[in-house]
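Here is how the chains run, residue by residue.
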Number of protein chains: 2
Amino acid sequence: MNESLQTQRKEQILDAALHVLVQNGYEQARMDDVVQSSNLSKGAIYWYYKSKKEMYLDLVNFWVKRYSVILNHIVEEEASPSRQLKDLFQFFIDQYETDPQPFAALTEFWSMAQKDDEFNTKLQKVYTHFLELIEDIIQRGVQSGEFKKLDIRMTALSIMVNIESINWFTLFDTHGVSVKEYMQTITDFILAGILKKH
Amino acid sequence: MNESLQTQRKEQILDAALHVLVQNGYEQARMDDVVQSSNLSKGAIYWYYKSKKEMYLDLVNFWVKRYSVILNHIVEEEASPSRQLKDLFQFFIDQYETDPQPFAALTEFWSMAQKDDEFNTKLQKVYTHFLELIEDIIQRGVQSGEFKKLDIRMTALSIMVNIESINWFTLFDTHGVSVKEYMQTITDFILAGILKKH
DNA sequence: TAATCTAAACCGACTGGTCGGTCGAGTTTA
DNA sequence: TAAACTCGACCGACCAGTCGGTTTAGATTA
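Since the model is a prediction, treat every value here as computed from it, not as a measurement. (Residues numbered from 1 in each chain as written. Chains lettered and ligands numbered in written order. Predicted model: local features only at pLDDT ≥ 70, side-chain atom pairs only at ≥ 80, totals over all residues. Heavy atoms only, no water.)

1. Considering the nonpolar core
Formed by 148 residues in total, the largest nonpolar core has its most connected members in Met55(A), Tyr56(A), Phe92(A), Met55(B), Tyr56(B) and Phe92(B). The element contributing the most residues to this core is helix α4 (residues 52-76) of chain A, with 11 residues. Look past the residues within four positions of Phe92(B) in its chain and what remains in contact with it is Tyr67(B), Leu71(B), Phe103(B), Phe130(B), Ile163(B) and Ile166(B). (Core = buried A, V, L, I, M, F, W, Y, C linked by side-chain atoms within 4.5 Å. Buried < 20%, exposed > 50% of the residue type's maximum accessible area, 1.4 Å probe, protein only. Helix = DSSP H or I, 4+ residues; strand = E, 2+ residues; numbered from the N terminus. Contact = heavy atoms within 4.5 Å.)

Printed below as a string of structure tokens:
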């Protein structure tokens with residue numbers, strides 16, 4: 001009935017699920033931990049999700065939706081391709097600084113994608129869409145003459161991989177290099193490589 | 001006693017362990033699967049390793065040792081820093097084409113490093129050492145004037161991350177882009193960015 | 001407007017299958 | 001002859017998912 005209660009409850013569950021996932025990994029993520037962390041009961045969680053896997057697949061959805069809104073907004077605005085690329089990087093820097101948890105979860109999602117077809121298919125779609133979004137920007141940059149004549153697919157792939165590599169910072173000590181300065185350096189470096197000089 | 005038998009047996013076990021790890025991930029890697037895949041018995045495996053975890057920690061050692069030999073050789077040879085960087089990239093391309101399994105295992109090792117302190121410490125050391133190796137190359141390139149004046153740590157980190165990103169190709173469809181062409185493009189791109197122009 | 005009803009939402013003790021690891025009694029190998 | 005195994009039964013901890021029961025909020029009735 002109450003639509004917003006359902007949404008709120010699911011968010012409550014997925015919040016806990018993310019937390020547990022980052023700390024313990026998928027296989028060691030105990031439903032009882034999610035129960036505890038969500039302040040709900042086992043029955044409540046199984047009321048909303050029919051299985052652990054379904055819950056975690058929905059966690060992917062949740063974050064994809066959340067990010068898509070802003071990503072699409074960046075592409076659709078009127079700024080120059082180079083500006084859009086900068087905004088893209090800046091968005092991820094901001095997100096990381098606000099809450100690095102989703103980035104820490106990436107490792108687990110990749111691991112899941114390796115073993116499980118459903119997770120693989122889901123993430124494949126996410127990344128394909130993300131790639132197309134970056135390709136669009138590059139494409140327009142090349143056409144407008146702002147960028148060099150690049151292999152669009154390759155360039156987009158490289159940019160995506162470099163953005164995703166932000167997750168490195170959740171895993172290991174990077175000897176004093178902060179995400180912010182690292183990502184900003186990378187941004188400049190990539191832009192220097194693809195902008196046409198005159 | 002027989003040193004080489006022990007080494008051979010461990011290799012036999014670790015071979016199977018890697019195989020099972022890539023297919024199922026650490027938590028779902030069944031000791032019984034390793035038994036099957038190694039053509040040994042459970043008793044034999046527990047004769048060499050006291051636990052599953054110890055076995056997989058040794059799997060890291062095994063590959064680190066194997067790679068270290070060649071990596072150190074690249075740094076110690078007399079070639080120019082830019083040549084050394086190229087060799088470094090080429091080495092990983094070759095390794096991937098010979099056998100991508102160890103790269104597929106990276107995802108799992110990262111996942112393990114996130115949850116488990118022992119794995120984290122071990123991998124942290126590996127990557128610190130790798131970073132220092134790259135830093136050495138950059139350092140010499142800057143000093144000889146071959147490279148621009150770069151932030152050495154940052155550049156090395158970026159190079160390492162880009163090399164490790166080879167593992168992306170074990171996870172997702174990259175829309176027709178092959179590891180070889182991707183890595184070669186990245187190599188050229190990075191070199192173009194750090195070489196001094198005249 | 002209080003009493004009654006109903007279904008969605010929620011609770012938590014319990015279970016059944018799984019899997020690292022053990023063990024003991026034997027067999028092969030160098 | 002001791003180290004290096006094999007074989008297979010076994011155990012005990014562990015945990016996803018179940019299920020019978022309870023609460024809650026809003027609609028219906030009287």
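Still to come is the rest of the account.
2. Considerations on the packing of α4(A) against helix α5 (residues 81-98) of chain A
Residue and element names in this part refer to chain A. Orientation of α4 relative to α5, taken along the N-to-C sense of each, is 155°, at an axis distance of 9 Å. Taken together, the axes of α4 and α5 lie roughly antiparallel to each other. As for the relative orientation of α4 and α5, their crossing is right-handed in sense. Across from Tyr67, Ile70, Leu71, Ile74 and Val75 in α4, the residues of α5 making contact are Gln84, Asp87, Leu88, Phe91, Phe92 and Gln95. In the contact of α4 with α5, the residues fall into eight nonpolar, two polar and one charged. (Axes fitted to C-alpha atoms, helices over the stretch in contact; angles between N-to-C directions. Parallel < 35°, antiparallel > 145°, perpendicular 65-115°, else oblique. Left-handed = near helix turned anticlockwise from the far one by under 90°. Nonpolar A, V, L, I, M, F, W, Y, C, P; charged D, E, K, R; others polar.)

3. Quick notes on the protein's contact with DNA strand D
The immediate surroundings of DNA strand D are formed by 16 residues, with Arg30(A), Gln6(B), Arg9(B), Ser41(B) and Tyr48(B) found nearest. Among all atoms of DNA strand D positioned within 4 Å of the protein, those belonging to sugar or phosphate total 79%. Tyr46(A) has a polar side-chain atom sitting 3.1 Å from a phosphate oxygen of DNA strand D. Contact distances for DNA strand D include 2.9 Å between a phosphate oxygen and a backbone N or O atom of Lys52(A). The set of elements that each furnish at least two residues to the surface near DNA strand D consists of α3 (42-48) of chain A together with α1 (3-28) and α3 (42-48) of chain B. Considering every element that reaches the surface near DNA strand D, the biggest residue donor is α3(B), with four residues. The residue inventory of the surface near DNA strand D, partitioned by class, reads eight nonpolar, four polar and four charged. (Near = heavy atom within 4 Å. Polar contact = N/O pair within 3.5 Å; in protein donor to acceptor, adjacent residues only side chain to side chain.)

4. Regarding the interface of chain B and chain A
Between chain B and chain A, the residue contacts involve 46 residues of the former and 46 residues of the latter. Here chain B packs against chain A, burying approximately 4,100 Å² in sum over the two surfaces, 68% of which is carbon and sulfur. Counting across the interface, chain B meets chain A through one salt bridge. Between Glu108(B) and Lys115(A) there is a salt bridge; the shortest N-O distance is 3.9 Å. The tally of links from chain B across to chain A stands at 13 residue pairs in polar contact (both at pLDDT 80 or more). Of all the elements in the fold, those that place two or more residues in the side of chain B that touches chain A are α1, α6 (101-115), α7 (117-143), α8 (152-164), α9 (168-171) and α10 (179-194) of chain B. Classifying every residue of the side of chain B that touches chain A by side-chain character gives 21 nonpolar, 18 polar and seven charged. (Buried area = accessible area lost by both parts, 1.4 Å probe. Salt bridge = Lys/Arg side-chain N within 4 Å of Asp/Glu carboxyl O.)

5. Quick look at the pattern of salt bridges
All names here are of chain A. Scanning the entire structure with this criterion turns up 17 salt bridges over all chains. The shortest N-O distance in the salt bridge between Lys42 and Asp32 comes to 3.2 Å. Here the residue Lys42 occupies a position in helix α3, and Asp32 occupies one in helix α2 (residues 31-38), the gap between them amounting to 10 residues. The shortest N-O distance in the salt bridge between Asp116 and Lys53 comes to 2.8 Å. In this pair, Asp116 is assigned in the loop between α6 (101-115) and α7 (117-143) and Lys53 in helix α4, connecting sequence segments 63 residues apart. Judged by its relative accessible area of 23%, Lys53 is partly exposed. The network of salt bridges with shared partners includes Lys53, Asp116 and Glu118.

6. Considering the environment of Leu191(B)
Residue and element names in this part refer to chain B. Position of Leu191 relative to the elements: it lies in helix α10. Each C-alpha atom of the pair Leu191 and Arg83 lies 9.9 Å from the other, and the pair is 108 residues apart in sequence. Once residues within four sequence positions are removed from consideration, Leu191 is found in contact with Ser82, Leu85 and Lys86.

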